[in-house]
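A look at the structure
Residues per chain, in single letters:
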Amino acid sequence: MARGLAVMFDGLKLRQARAAAVDGQGMSAAELARRIGATKAQILAYENGTSRPDPRRIKRLADELGIEPLQLSDLSGSTDWTLADLRRASALRAADLSGQLGLSLRAYRRLETEGFVPAHRFGLMEQLAEALGIPVLEAEEYLCRAPLLSQRLDDVREPLTCLLTYYLSPQTLSKPGADDPEIVTLAALYRRPPLALSRIVGHEITRLRSMKRREAGFQAAADFGATSEEQAKGRQAALAEAQKIRILIDGLPQQMDAFFRGMLPQDVWRVLALFHALRPLGGWLSSEQLQTDPDHLHRIPAHLLERRATGKDSTRSEYRISEQGAKHCTTYRPWYDVCYPAVQSFVHVHERALAGHMQHSDLHDFFAQADAVLLSFDGLLCRLFGQNLQSVSDRLLQSAQSLQLPLAPQTPRDPVGMLRALVRHGSRTQIRQLDQLLTGFETEAARHAVPLPGVQPLLRTLTEGNCRLAVVTDHASSAVEAFLERLPAEISTSRITVFGRPGDPELMKPNPHGLARATAALKAPYDRTLLVGESVADALAAQSAGIAFIGVAATTRRARILHKAGATRTVASLRTITAILKEQQESS
């Protein structure tokens, strides 16, 4: 009799299953005995609890009764079962599972007793879960109760503590290498390459150093705060940060163990990471769209990726990342990044290619046909208020209250949005006063606003070309002019006309008024005018005006937002536009 069966096998369940067999007609003990090659007395002994069947016989009993072997087990203590317990209750021997998984019996025993997954057996947890007929996450739970796992992780703590103590000391700025003795010890305990351990531990040391600096800052406030209230807040924040550090360090051995159990090979991780980067765009992708080997998709564990058949004959497949896949990426991406550094650049390049951005040839045609180019301002050329956005909003809100303007619960918190929302509730005088106040804030902020990356080369290239140029914005004209005045002299800002916030805030974007006004002033046909912007309001205003729109979307999330607003033409950055314009100028 196999070890553990005497505890888990339930004779009463066998009797109940026999009574319910054959569509409820029942099966006699003699008939069941005949079918499995036993005696009636043995069947009755199993049911009475005086004898217990071995795994093979449990399997035959379950098969003949049309149930799963687990249905013949006492599940009352299953929340404490180990993987070995589950295997025995499933009527499987260690030799049965080791054969199914392609492991030596010794390797399989280590899996059960230590929770140890051999290196280079990627996808083993999924195979194990499939063999036992349970979800992968449930298989993880059983494995985490392996009897010797806690001892193995305790062995990890000593060298790991030595590493963290040394490298987190104030006088040490370096990180451990693959030849560090403690790293070598950790690599032996996890049975993984020392280089992988050194990179992962090095990443965590960098992370912990940052947390330690925050803790020190909070402690400084606790010790030297100007008021007792500031000191109390500092002490509370320092204690909270110290608690986060302890939790991170305490959980590191288990987290690394879980990572190594489910770690994907580089080529497979590359595809899953790309799916995760593209997740904000939604939708399904084929291997052709991903430009990847279908074999890499098939090697991604099933619980990490959703699959569906497409096409008339359902022979094609499309894929998207699952919730569990997204969680896997979010949890372990920093460690994958340090273990597989080349994947980061691959994902970045392909993310842009798959985010629905315009092809260079189409972009070239758009600018070749444009007589006038209109530009948005805040968010495209600069971040007008930057880190002061909240303080400006608060000051504008206070002014609105002092003017006795009614504030709805859903009043936007950005200054321009606030003005747009309040215009329906205030008198002309109130709105004019608020507008003047906001203009002052905007103009002052513009004197310090820094051009966003790629802005100066774009404006330099545009002003060297033949297109008529304008900035069309819901911010004050004086703010845009103050910003342009601070640009380098080689940018001919005199060629850029500014169309700022209209006198009636109701005419702000997405109303097309500003675009129509600019187009008329520049004497450019609508079908030869182009707006470059980054917001949904820009996109909707261009659609209403009948003007072509190109959205700048630095992230897939921004691309998705613009696409949902009907802006199907996007680019990843202003540098893309600048490159196209330079090509045109060089070829003309």
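All of these numbers come straight from a predicted model, not from anything done at the bench.

Describing the overall build of the protein
Tallying secondary structure elements over the protein gives 29 helices and eight strands in all. The dimensions of the protein, computed from C-alpha atoms along their principal axes, are 100 × 70 × 55 Å. For the protein, the residues scored as buried account for 48% of the 588 residues in total. In the protein, once contacts between residues fewer than 6 apart in sequence are set aside, the share between residues at least 24 apart is 67%. Surface exposure of the protein reaches about 28,900 Å², of which carbon and sulfur atoms provide 51%. Mean positive and mean negative side-chain charge positions of the protein (71 and 64 charges, respectively) differ by 1 Å.

Considerations on the packing of aromatic side chains
According to the stated counting rule, one finds 10 aromatic pairs in the structure shown. The interplanar angle of 40° and the centroid separation of 5.2 Å between the aromatic rings of phenylalanine 259 and tyrosine 332 together place this pair among those described as tilted. On the criterion of sequence distance, the pair formed by phenylalanine 259 in helix α14 (residues 228-262) and tyrosine 332 in helix α18 (residues 323-339) is long-range, its members being 73 residues apart. Considered together, phenylalanine 259 and tyrosine 332 belong to a single accessibility category, that of buried residues. With 5.6 Å between their ring centres and 70° between their planes, phenylalanine 377 and phenylalanine 483 make a pair best called edge-to-face. Of the two residues, phenylalanine 377 sits in the loop between β3 (372-375) and α21 (389-402) while phenylalanine 483 sits in helix α25 (residues 477-485), which places them 106 residues apart along the sequence. No difference in accessibility class separates phenylalanine 377 from phenylalanine 483, as the two residues are buried.

Remarks on the sheet that holds strand β5 (residues 496-499)
In spatial order, the strands read β5-β4-β3-β6-β7-β8; together these six strands make up an open sheet with parallel pairing. Sheet topology places β5 and β8 (570-571) at the edges, where each strand pairs with a single neighbour. In this structure, β3 lies alongside strand β4 (residues 468-472), joined through four bridges in parallel fashion. In the sheet register, leucine 375 faces β4, and the bridge partner there is valine 471. Here helix α24 (residues 455-464) sits on the sheet in contact with β3, β4 and β5, set at roughly 155° to β3.

Thoughts on the nonpolar core
Of all hydrophobic cores here, the largest spans 55 residues; its most connected members are Phe367, Phe483 and Val532. Phenylalanine 367 has contacts with Val373, Leu530, Val532, Ile550, Ile577, Leu581 and Gln584, leaving out every residue within four places of it along the chain. Of all hydrophobic cores here, the second largest spans 54 residues; its members include Met256, Leu274, Leu278 and Val347.

A short note on helix α9 (residues 124-132)
Listed as buried for α9 are Leu124, Met125, Leu128, Ala129 and Leu132. One face of α9 carries all of its buried residues, which in axial projection span an arc of 135°. The first or second residue beyond α9 is glycine 133, which carries a positive phi of 70°.

Some thoughts on unusual backbone geometry
A cis geometry characterises the amide bond from lysine 509 onward to proline 510, with omega recorded as 15°. Assignment of secondary structure puts proline 510 in the loop between β5 and α26 (513-522). A positive phi is found at aspartate 23, a non-glycine position, where the angle reads about 55°. Looking at the element boundaries, aspartate 23 is found in the loop between α2 (11-20) and α3 (29-36). Judged by its relative accessible area of 81%, aspartate 23 is exposed.

Focus: the pattern of salt bridges
For side chains bearing opposite charge, pairing can occur when the charged atoms are close. Counted under the stated rule, the structure contains 30 salt bridges. Among the ionic pairs, glutamate 31 bridges to arginine 34, the shortest N-O distance being 2.7 Å. Within this pair, glutamate 31 and its partner arginine 34 are both found in helix α3, separated by three residues, close to a single helical turn. One salt bridge connects arginine 93 with aspartate 96, and the closest N-O pair in it is separated by 3.0 Å. Judged by relative accessible area, which is 22%, aspartate 96 ranks as partly exposed. Several salt bridges converge on common partners, so that one network encompasses Glu31, Arg34, Arg35 and Glu64.

Observations regarding the pairing of β3
Across a regular strand the side chains alternate sides, sitting on one face of the sheet and then on the other. Neither face of β3 is left uncovered, since the one carrying Ala372 and Leu374 and the one carrying Val373 and Leu375 both have all their residues buried. When β3 meets strand β6 (residues 529-533), the two strands line up parallel, connected through four bridges. Bridge assignment links alanine 372 to a residue of β6, and that residue is threonine 529.

Some thoughts on the pairing of β5
Bridge analysis of β4 against β5 gives four bridges, and the strand direction is parallel. Considered in β5, the bridge of alanine 470 is made with threonine 497. With respect to chirality, the unit in which β4 leads through α25 into the neighbouring parallel β5 is right-handed.

As for the side chain of arginine 261
With respect to the helices and strands, the residue arginine 261 is situated in helix α14. Under the relative-accessibility criterion, arginine 261 is labelled buried at 5%. At 3.0 Å, the side chain of arginine 261 and the side chain of glutamate 140 are in polar contact. At a separation of 2.7 Å, a polar atom in the side chain of arginine 261 contacts the side chain of aspartate 257. Ignoring sequence-local partners within four residues, the contact set of arginine 261 consists of Gly115, Val117, Met125, Glu140, Leu143 and Cys144.

Definitions and limits used
Every chain's residues receive numbers from 1 upward, in the order its sequence appears when written. In keeping with the predicted nature of the model, local features appear solely for residues at pLDDT of at least 70, side-chain atom pairs appear and are counted solely at 80 or more, and the whole-chain, interface and lining totals rest on all residues. Side-chain figures throughout are based on the complete set of non-hydrogen atoms in the structure, without hydrogens or water. Numbering of helices and strands runs from the N terminus; a helix is a DSSP stretch of H or I covering at least four residues, while a strand is a stretch of E covering at least two. Each residue gets one of three labels from its accessible area relative to the maximum for its type: buried under 20%, exposed over 50%, partly exposed in between, using a 1.4 Å probe on protein chains only. Contact between two residues is taken to exist if any of their heavy atoms lie within 4.5 Å; hydrogens are not considered. The protein chains shown are the only cover counted for residues, whose accessible areas, like all others here, come from Shrake-Rupley with a 1.4 Å probe. In this charge count, Lys and Arg are treated as positive and Asp and Glu as negative; neither His nor the chain ends contribute. Where a charge lies is defined by one atom per residue type: Lys uses NZ, Arg uses CZ, Asp uses CG and Glu uses CD. Two rings from Phe, Tyr or Trp (for Trp, the six-membered ring) form a pair when their centres are within 6.5 Å of each other. A pair whose planes differ by under 30 degrees is stacked, one over 60 is edge-to-face, and the rest are tilted. Each pair of strands is called paired provided DSSP finds at least two bridges between the two strands. To get an axis, a line is fitted to the C-alpha atoms, and for a helix only the part in contact is used. The angle between two axes follows their N-to-C directions and goes from 0 to 180 degrees. As used in this record, nonpolar core signifies buried Ala, Val, Leu, Ile, Met, Phe, Trp, Tyr and Cys residues forming a set joined through side-chain atoms within 4.5 Å. In this description, the arc belongs to the directions extending from the helix axis to the C-beta atoms. In the sections that follow, a salt bridge refers to a side-chain nitrogen of Lys or Arg positioned within 4 Å of a carboxyl oxygen of Asp or Glu. A crossover counts as right-handed when, viewed with the strands pointing away from the observer, the path leading from the first strand over the helix to the second turns clockwise. Side-chain atoms alone can form a polar contact between residues adjacent in sequence; in general such a contact is a pair of N or O atoms within 3.5 Å, and within protein one must be able to donate a hydrogen while the other accepts it.

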